[in-house]
Amino acid sequence: MAGCGALSMGWLRAIADTPELASSVRHVGFVDLDHAAAQARAAEFAPGAATASDLPAMLADLRPDLVFGLVVPQARKVVVLRPFAGT
C-alpha cells in the first residue's frame, strides 16, 4: 500500500471486514513518506509486512502483484506510474 494516511484506514478496515477480501488479500508492504505512518498501518493490519518511505526500493524488493495507491492528488501520477517503470 502506497500512502498510509487517514484514507488508508478506511480501505484496510473494509478489506479486513469483508471475508472474501480478508481471505484473499495479503498485505506485503506499506510505504509512506512518513515511515512511522507505514509502520503503524503494518502493525495494525499486517504484522511482519515490510515498511518503508521509498516506493521504488520497496517495489524492487517485494515485486508485489498489486499496488494500492492512496496518496494526495499531487503525488498520484508518480505512484500510479512507478510500478509500470519496472522499479
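Every value quoted in this text rests on a predicted model; they were computed, and no experiment measured them.

Student: Would you mind going over the overall build of the chain with me for this structure?
Tutor: When helices and strands are tallied, the chain shows five helices and two strands. Shown N-terminal to C-terminal, the secondary structure of the chain runs as helices and strands in the order α-α-β-α-β-α-α. For a compact globule of 87 residues, the expected C-alpha radius of gyration is about 12 Å, and the chain comes in at 12 Å, within 12% of that figure. The principal-axis extent of the C-alpha atoms belonging to the chain is close to 35 × 25 × 20 Å.

Student: Which parts of the structure should I look at to understand the side chain of aspartate 32?
Tutor: With respect to the helices and strands, aspartate 32 occurs in the loop between strand 1 (29-31) and helix 3 (35-45). Here aspartate 32 occupies a buried position and makes no salt bridge, while the nearest side chain of opposite charge, arginine 41, is found at 7.7 Å. Looking at aspartate 32, its side chain comes within polar contact range of the main-chain nitrogen of cysteine 4, at 2.6 Å. A polar side-chain atom of aspartate 32 sits 2.8 Å from the main-chain amide nitrogen of aspartate 34. When neighbours within four sequence positions are excluded, aspartate 32 is seen to be in contact with Gly3, Cys4, Gly5, Ala37, Ala38, Ala52 and Ser53.

What counts, and where the lines are drawn
- Residues numbered from 1 in each chain as written.
- Predicted model: local features only at pLDDT ≥ 70, side-chain atom pairs only at ≥ 80, totals over all residues.
- Heavy atoms only, no water.
- Helix = DSSP H or I, 4+ residues; strand = E, 2+ residues; numbered from the N terminus.
- Rg over C-alpha atoms; globule rule 2.2 N^0.38 Å.
- Buried < 20%, exposed > 50% of the residue type's maximum accessible area, 1.4 Å probe, protein only.
- Lys, Arg positive; Asp, Glu negative; His and termini not counted.
- Salt bridge = Lys/Arg side-chain N within 4 Å of Asp/Glu carboxyl O.
- Polar contact = N/O pair within 3.5 Å; in protein donor to acceptor, adjacent residues only side chain to side chain.
- Contact = heavy atoms within 4.5 Å.

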